[in-house]
Amino acid sequence: MKRIKLGTIGSGAIVHSILDGVQVTDGISLEAVYSRSEEKGRELARKYGAKKVYTDMEAFLSDEEVNFVYVASPNNLHYEQVKAVLGHGKNVICEKPMCPKKEQVDELIALAEEKQLVLVDATPTAFLPNLDIIKEKLPEIGRVRLVMCSYSQYSSRYDKLLAGEVTNVFSPEFAGGCLQDIGYYNVYLNVALFGKPKKAVYYPNMCGTGVDTSGIAILQYADFVSECTGAKDTWGENCVQIQGEKGYLYIEGGPNGLDSVRLVTKESDVSYDLQENPDRWFYEVRRMTKFLLDENHETIRKGLEVTRDVIGTIEAMRAEAGIVFPGE
């Protein structure tokens with residue numbers, strides 16, 4: 001592939017973060033914008049140099065100049081939109097979570113393979129250089145016995161919830177809730193490092209809409225247990241600690257930032273950081289673009305295996321915790 005000519009669905013803050021990265025990355029450019037609001041679409045196009053703005057989805061998906069579509073709409077729309085994009089013969093980059101159900105992910109993966117198209121999960125953690133450091137240094141702490149992940153980010157939309165306004169992120173109709181958003185990063189890091197857990201249980205703090213505002217997930221592996229705290233109704237120090245029999249890894253910034261990695265053993269105490277740029281989406285766009293242009297299909301395939309296990313784990317936890325979305 002010579003160049004990624006991107007079309008976007010959505011106009012939220014994450015789209016802006018991704019397009020900031022697109023502007024400073026060779027081999028990728030913004031070709032077209034789709035938005036239900038023409039005003040928002042034109043604003044995004046002006047800011048990032050897109051040639052076209054669409055308010056009609058069919059017209060957008062029929063644009064022959066666009067070869068990749070970045071899907072960053074509300075969670076509940078991802079499945080149908082990704083399916084439609086693939087159906088029009090275009091490659092897809094989908095914001096997390098790709099779908100609320102594992103069977104939907106499996107269907108989309110199969111469809112992409114059938115049509116010989118690329119489907120990419122855009123979870124930023126997967127593209128952070130410090131994740132490579134964690135994987136490299138993990139054997140030095142010996143047999144892992146305990147993992148603790150903490151990611152809490154107080155949301156302004158929680159204030160709206162307290163005032164009686166239900167936004168997408170706290171609505172079951174939009175597949176919202178903390179576990180689908182903040183908690184996703186905790187589960188993702190565990191699965192990326194250790195694979196799918198044998199058992200997973202979620203203890204949520206629920207709100208009146210039927211979804212969670214915070215909670216603690218317990219992931220049970222064959223040889224250790226991982227405790228994952230996530231919140232959109234509190235804030236605190238975000239970090240990850242992986243404890244082994246010979247030492248520990250301490251990761252600042254939580255599972256979505258991986259700001260630095262400290263390796264402590266009886267013999268040494270060393271810190272590592274390959275992320276000079278604090279913008280994690282910069283690395284997502286830069287490394288994703290390289291994988292795609294190099295046609296590194298094996299890396300993309302392995303990423304989708306992690307995605308399906310993450311979503312399967314979260315789906316099971318939601319069901320047991322009584323967090324149910326329409327149609328389930």
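Before any of the text, the structure's been laid out above.
These numbers come from a predicted model, not from an experiment. (Residues numbered from 1 in each chain as written. Predicted model: local features only at pLDDT ≥ 70, side-chain atom pairs only at ≥ 80, totals over all residues. Heavy atoms only, no water.)

A.B. asks: What should I look at first to understand the pairing of strand E7 (residues 144–152) in this one?
C.D. replies: Pairing analysis gives 6 bridges linking E7 to strand E11 (residues 239–244), with the strands arranged antiparallel. Counted as the bridge partner of Ser 150 is Cys 239 from E11. Two strands pair when backbone bridges link them, and E7 and strand E10 (residues 225–231) are joined in this way by 7 bridges, in the parallel orientation. In the sheet register, Cys 149 faces E10, and the bridge partner there is Cys 228. (Pairing = 2+ DSSP bridges. Helix = DSSP H or I, 4+ residues; strand = E, 2+ residues; numbered from the N terminus.)

A.B. asks: Looking at this structure, I do not really get helix H2 (residues 38–48). What am I missing?
C.D. replies: In an α-helix, one turn spans 3.6 residues, which is why side chains three or four residues apart end up on the same side. Listed as buried for H2 are Gly 41, Leu 44, Ala 45 and Tyr 48. Looking down the long axis of H2, one finds its buried residues gathered within 100 degrees of arc, a one-sided arrangement. Opposite the packed face of H2, turned more than 90 degrees from it, sit the exposed residues Glu 39 and Arg 46. Contact partners of the buried residues in H2: strand E1 (4–9), helix H1 (13–23), strand E2 (28–34) and strand E3 (52–54). Of the residues trailing H2, Gly 49 is marked for its positive phi of about 80 degrees. (Buried < 20%, exposed > 50% of the residue type's maximum accessible area, 1.4 Å probe, protein only. Arc of directions from axis to C-beta. Contact = heavy atoms within 4.5 Å.)

A.B. asks: Can you walk me through the pattern of salt bridges in this structure?
C.D. replies: Close approach of charged atoms lets side chains of opposite charge pair. Taken as a whole, this structure holds 21 salt bridges when the rule is applied. We note a salt bridge from Asp 181 to Lys 96, for which the minimum N-O separation is 2.9 Å. Taken as a pair, Asp 181 in the loop between helix H7 (156–162) and helix H8 (182–194) and Lys 96 in the loop between strand E5 (91–94) and helix H5 (102–114) lie far apart in primary sequence, 85 residues in all. When sorted by exposure, Asp 181 lands in the same class as Lys 96, which is buried. Linking Asp 269 and Arg 262 is a salt bridge whose minimum nitrogen-to-oxygen distance equals 2.5 Å. Residue classification places Arg 262 among the partly exposed residues on the basis of a relative accessible area of 31%. (Salt bridge = Lys/Arg side-chain N within 4 Å of Asp/Glu carboxyl O.)

A.B. asks: Would you mind showing me how to read the sheet that holds strand E4 (residues 68–71) here?
C.D. replies: Strands pair in a sheet through their backbones, by hydrogen bonds, and they do so in one of two ways: parallel or antiparallel. Sheet architecture is open: 6 strands sit in the order E3-E2-E1-E4-E5-E6, paired in parallel fashion. Edge positions in the open sheet fall to E3 and strand E6 (119–121), since each of these has one partner strand only. Each strand axis lies, on average, 25 degrees off the axis of its neighbour in the sheet, ignoring direction. Strand direction decides the pairing type here: E4 and E5, joined by 4 bridges, are parallel. Bridge pairing links Phe 68 to Asn 91 in E5. Along the sheet, helix H4 (residues 78–87) contacts E1, E4, E5 and E6; its crossing angle with E5, the most-contacted strand, is approximately 160 degrees. Relative to the sheet, helix H9 (residues 280–293) contacts E1, E2, E4, E5 and E6, its axis offset from that of E1 by approximately 125 degrees. (Axes fitted to C-alpha atoms, helices over the stretch in contact; angles between N-to-C directions.)

A.B. asks: What exactly am I supposed to notice about the packing of aromatic side chains here?
C.D. replies: Geometrically, a pair of aromatic rings is defined through the distance of the ring centres and the angle of the planes. Within this structure, the stated rule accounts for 12 aromatic pairs. Seen in terms of ring centroids, Tyr 151 and Tyr 185 are 5.8 Å apart; in terms of plane orientation they differ by 75 degrees. Their pairing is edge-to-face. Placement of Tyr 151 in strand E7 and of Tyr 185 in helix H8 is noted, with a sequence separation of 34 residues between them. Assessed through its relative accessible area of 4%, Tyr 151 is described here as buried. Measuring from centroid to centroid gives 4.9 Å for Phe 194 and Phe 224, while their planes differ by 65 degrees, and the two rings are edge-to-face. With Phe 194 in helix H8 and Phe 224 in the loop between strand E9 (212–220) and E10, this residue pair connects regions lying 30 residues apart in the sequence. Among the residues examined, Phe 224 registers a relative accessible area of 10% and is labelled buried. One aromatic cluster in this structure is built from Tyr 154, Tyr 158, Phe 170 and Trp 235. Over the aromatic face of Trp 281 sits the side chain of Arg 280, whose NZ or CZ is 4.1 Å from the ring centroid. (Phe/Tyr/Trp six-rings, centres within 6.5 Å; stacked < 30°, edge-to-face > 60°. Lys NZ or Arg CZ within 6 Å of the ring centre and 35° of its normal.)

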